[in-house]
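Coordinates in review
Below are the chains, spelled out letter by letter.
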Amino acid sequence: MRHVENFNQDWLFTPRKVDLHAPDDWFGQITLPHTNKLFKSRFVDNREYQFISTYRKRFSVDETTGKRVFLDFDGVMLQSTVYLNSQLLGEHAGGYTPFSFEITDYLVNGENILTVYVDSTENESIPPYGGRVDYLTFGGIYRDVYLRVVHPCHIVRVFARPLDALETPRLECDIQLSVVRTGLSIEAILEDAQGNEIARQLQQIDADNVTISFPALHHIELWSLENPVLYNLILNLSEDGQYIDRESVSIGFRSTEFSEDGNFYLNGQPLKLFGLNRHQTYPYIGAAAPARLQALDADILKYELGCNIVRTSHYPQSPHFLKRCDEIGLLVFEEIPGWQHIGDEAWQAIVLRDVRAMIERDRNHPSIILWGVRINESPDNDDLYGQTNALAHELDPTRQTGGVRNFIASNKLEDVFTLNDFPPGIQKPVHKPHLITEFVGHMFPTKTWDQEERRIEHALHHARKHNDLTGCADIAGGIGWCAFDYHTHREFGSGDRICHHGVMDIFRLPKMAAYFYRSQKSPEDKVVLYAATNWSMGDRSGSGNNPLVVFSNCNEIEVITGDSSQGRFQPDVENYPNLRNPPFVVRWGTPYNPWGSEIYDLTVNGFLNGELAAQHRIASDHLPRKLRLSIHTSTLKADGSDMTRIAVQIVDKYGNVLPYQQRIVEFRLEGDGELIGENPAVLSGGQVACYVRSGKSAGQITVTAWSADLPEESVTLQIEA
Ligand code: GAL
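So, here's what we can say about the structure. (Residues numbered from 1 in each chain as written. Predicted model: local features only at pLDDT ≥ 70, side-chain atom pairs only at ≥ 80, totals over all residues. Heavy atoms only, no water.)

1. Considerations on the sheet that holds strand β43 (residues 673-676)
Test applied: Any two strands are treated as partners once DSSP identifies two or more bridges connecting them. For helices the rule is a DSSP run of H or I covering at least 4 residues; for strands it is a run of E covering at least 2, with both sets numbered from the N terminus onward. The angle between two axes is taken between their N-to-C directions and runs from 0 to 180 degrees, where each axis is a line fitted to C-alpha atoms and a helix contributes only its stretch in contact. Note on contacts: a residue pair is in contact if any heavy atoms of the two residues lie within 4.5 Å.
Strand order in the open sheet made by the 4 strands is β39-β41-β45-β43, with antiparallel pairing throughout. Each edge of the sheet is formed by a strand with only one pairing partner; in this case those strands are β39 (626-630) and β43. Taking the axes of each pair of neighbouring strands and ignoring which way they run, one obtains an average angle of 25° across the sheet. For strand β41 (residues 643-651) and strand β45 (residues 687-694), the ladder comprises 7 bridges, and the chain directions are antiparallel. If you follow alanine 647 over to β45, its bridge partner there is alanine 689. The strands that helix α1 (residues 291-304) touches are β41 and β45; relative to β41, the one it contacts most, it runs at about 50°.

2. Some remarks on the packing of aromatic side chains
Threshold: Only rings of Phe, Tyr and Trp enter the pairing, Trp through its six-membered ring, and a pair is recorded when the two centres are within 6.5 Å. The plane angle decides the type: under 30 degrees is stacked, over 60 is edge-to-face, the rest tilted. Three labels apply to residues, based on accessible area from a 1.4 Å probe with only protein chains included: buried if under 20% of the type maximum, exposed if over 50%, partly exposed otherwise in between. Two limits define a charge over a ring: the Lys NZ or Arg CZ must be within 6 Å of the ring centre, and within 35 degrees of the ring normal.
By the definition in use, this model includes 22 aromatic pairs. A ring pair is formed by phenylalanine 73 and phenylalanine 99, whose centres lie 4.8 Å apart and whose planes are at 10°; its orientation type is stacked. A residue pair is termed long-range when its members are at least 10 positions apart, and phenylalanine 73 in strand β5 (residues 68-73) and phenylalanine 99 in strand β8 (residues 99-102) qualify at 26 residues. Centroid distance phenylalanine 274 to phenylalanine 516: 6.4 Å. Interplanar angle 65°. Geometry classified as edge-to-face. Of this pair, phenylalanine 274 sits in strand β21 (residues 273-277) while phenylalanine 516 sits in helix α6 (residues 512-519), placing them 242 residues apart in sequence. Across the pair, exposure class does not vary: phenylalanine 274 and phenylalanine 516 are buried alike. An aromatic cluster is present here, built from Phe274, Phe516, Tyr517 and Phe551 joined pairwise through their rings. The ring of tyrosine 117 has lysine 17 sitting right over it, with the charged end atom 4.8 Å from the ring centre.

3. Side note on α6
Two residues of an α-helix separated by three or four positions point the same way, owing to the 3.6 residues in each turn. Within α6, 8 of the 8 residues are buried, which leaves it mostly tucked inside the rest of the structure. Burial in α6 covers these residues: Met512, Ala513, Ala514, Tyr515, Phe516, Tyr517, Arg518 and Ser519. The inward-facing, buried residues of α6 contact β21, α1, α5 (452-470), β29 (475-480), β32 (529-531) and β33 (548-552).

The structure is reproduced here in structure tokens:
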């Protein structure tokens, strides 16, 4: 039977290229995922990660006679040269797609030495490089590595295709075997998430590519955003009645279609796509985020930002991120690596290879609804994109293709015309289906510590675009630029090598725009009420607080200053007629636009059908009352690589972040673990975060933070074996 072992533990690393036989004490010990360097949260110079490093792992394997053994790399940035026991296994160019090497013939009894030279220079012969790129790629073995021991006759690839989800669902499953022999059969078992058997098929095998069909499946629950039901397909391969391999894939039954009528349909129902782009990079750790942080991003997009779709701009992202999108019901538009530039023939060959690698890796994910088979914002190239489209359709006849461009006159070779539409308003669609894949971004970069009117305007830019595109029946939806601030090259960004384009900052902590996104959730899901103001009288040009913008899914608000009600207000349906929950834009006259008159605390009450449903209060004294520490999980695994974010915010007496608190925070960590981040750290926009990485022993980790006169705060994590 197959044995798959996570190979993230016990690596040696040195940030240089050293001889295969260099002594171990030239290296330090690390665990994967790994960044070739830890960085500051801002001002990251891309030259810092551009070098060749050496990774080494000593390991032995149990008896493997008669087996085949592989090493599977999920992602290494940017070029890898891999040796086992001084024997070159091969090279791989490209940091976003997986690769494998067979090591069967090179394994020795006892200790084996695996060496990976990782060249993280921005090599212009490998996508996304060749031109200028608005994001950093970072470096290292930044995703997982596995050791896979299999029978010589084993399952290489599985493509399970749920079909006819809206009628009588059926399942077709293409299976590729390493070799064909006589006496082979596959038993395919479909189980629900609780392990109950739904159906079973037994099929004799006489070719290395076979399709197993489940013709009519009953009592199948559809995968949807609200109820993302997953099933497990288990494949047992046997030879003469003896099990020799087993593989399983997680699948979901759903129907998705970008229709010629302009709409996107999920399970037959029209759904306006509402989402954000995500880059996979983080402060300090580059792209080397473990499974838990990957999953957390998906959770933030769905639960904190209310998105129904994410675009994995501009490359295939972590399997852990996609798995979480399947589990929570978040749609995905996934695309190949690249940015604005198309290289020579050899470069284009990598593009085609990436299309294949992306689709073969990810076509079982129910969350993925569209393949991006064009280099983001590149010029038309009908020859190349004719090929990428044909390949995508061949590899996955069940999904449509898109390809993101930034000019409306571009040739439509894909099934869906996907356009970055940055100018104000909406460019009238020429083709249907039409999906908007970026807007706002560089048109309105905004920092958490910017003046309030800019932060509000940033949120309203997103609101306007969503309003406009929602009002256009020919448009399937919009994916804004972008979810999180990200590191970039010096040609871009705000002078701190960061594109402050996120609706959240680089730590994934909210800007005002995040509350616009959140406010579009249904109140049944979560009642949202956020007055977008610092509630000061002197921050805006001309002073005052007019208008007061409130992002909410309530249908009425009351604004109270001190004890005086300023009235009840309705959502601004006039300016945002198409939004599910238009913002409230309270334009008031004299009372709250006075120069120097006394200011009282603000209370905003939110009503749903006349009932008080939420309240937001803001202190007029703007005094820091507390360091608020928040974590998403209180449990980590003792694997030396699990991580969680600890967010620190300075808040007023009602818990509002005070964006102009630029003070220093210090941290102390007790227990077997590591604090990843700056220590002391400076708050930006009243907030900052660090990460805690577990060590290898079970127990507790306590992190304490303090800042001058504010009381210390601590959080405790349980570290489980
Ligand atoms: C787009 C590009 C994105 C990002 C964005 C900033 O042109 O596709 O990667 O650079 O601009 O707004």
